[in-house]
Amino acid sequence: CRKFMDMLGLELLFAAMCLGIVLSALARAFLFKTPIMPPELMGFFASGGVAFLAAHFVRRRREET
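Residues numbered from 1 in each chain as written. Predicted model: local features only at pLDDT ≥ 70, side-chain atom pairs only at ≥ 80, totals over all residues. Heavy atoms only, no water.

Draft legend 1. Spotlight on the overall build of the chain. The secondary structure content of the chain amounts to three helices and zero strands. Reading the secondary structure of the chain in the N-to-C direction produces α-α-α. Expressed along its principal axes, the backbone C-alpha trace of the chain runs to roughly 45 × 25 × 15 Å. Taken over 65 residues, the chain has a buried fraction of 17%. A sequence separation of at least 24 residues applies to 58% of the contacts in the chain between residues at least 6 apart. Just so you have it, the chain exposes about 5,200 Å², and 73% of that area is on carbon and sulfur atoms. (Helix = DSSP H or I, 4+ residues; strand = E, 2+ residues; numbered from the N terminus. Buried < 20%, exposed > 50% of the residue type's maximum accessible area, 1.4 Å probe, protein only. Contact = heavy atoms within 4.5 Å. Areas by Shrake-Rupley, 256 points an atom, 1.4 Å probe, with all protein chains shown as cover.)

Draft legend 2. View of the nonpolar core. Counting residues in hydrophobic clusters, the biggest one holds five residues: Cys18, Val22, Ala25, Met42 and Phe45. Of all the elements in the fold, those that place two or more residues in this core are helix 2 (10–32) and helix 3 (39–64). Examining the composition of this core, we find that three residues originate from one element, helix 2, more than from any other. (Core = buried A, V, L, I, M, F, W, Y, C linked by side-chain atoms within 4.5 Å.)

Draft legend 3. Examining helix 2 more closely. The terminal C-alpha atoms of helix 2 lie 32 Å apart, and with 23 residues this matches the ideal 33 Å at 1.5 Å per residue to within 8%. Those residues of helix 2 not exposed but buried are Glu11, Ala15, Cys18, Val22 and Ala25. Looking at the buried side of helix 2, the elements it contacts are helix 3. Lysine 33 sits one or two positions beyond helix 2 and adopts a positive phi of about 55°. (Expected span 1.5 Å × (residues − 1).)

Draft legend 4. Highlighting unusual backbone geometry. Backbone geometry places lysine 33, a non-glycine residue, at a positive phi of 55°. In this structure, lysine 33 sits in the loop between helix 2 and helix 3. Residue class for lysine 33 comes out exposed when judged on its relative accessible area of 65%.

Draft legend 5. Representation of helix 3 within the structure. End to end, helix 3 covers 38 Å across 26 residues, agreeing with the expected 38 Å (1.5 Å per residue, within 8%). All of the buried residues along helix 3 are Met42, Phe45, Gly48, Gly49 and His56.

Draft legend 6. Fine view of the packing of aromatic side chains. Counted by the stated rule, this structure contains two aromatic pairs. Ring centres 5.3 Å apart and planes at 35° place the aromatic pair phenylalanine 14 and phenylalanine 52 in the tilted group. Of the two residues, phenylalanine 14 sits in helix 2 while phenylalanine 52 sits in helix 3, which places them 38 residues apart along the sequence. (Phe/Tyr/Trp six-rings, centres within 6.5 Å; stacked < 30°, edge-to-face > 60°.)

Read these as geometric descriptors, not functional statements.
Printed below as a string of structure tokens:
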């Protein structure tokens, strides 16, 4: 389990969580026409997901060299 967590990286898990929150909120808004969370909060999770994804690739690139 520890080897799997090291291979996957916590950044990737956080990125998936943040982007999953955004995608589920957008799907709920378009499919069910229900109100979603405030745009500021959606932007926070979207930018957090992209930042964690970028951090994962930067860390992976640094480990290769």
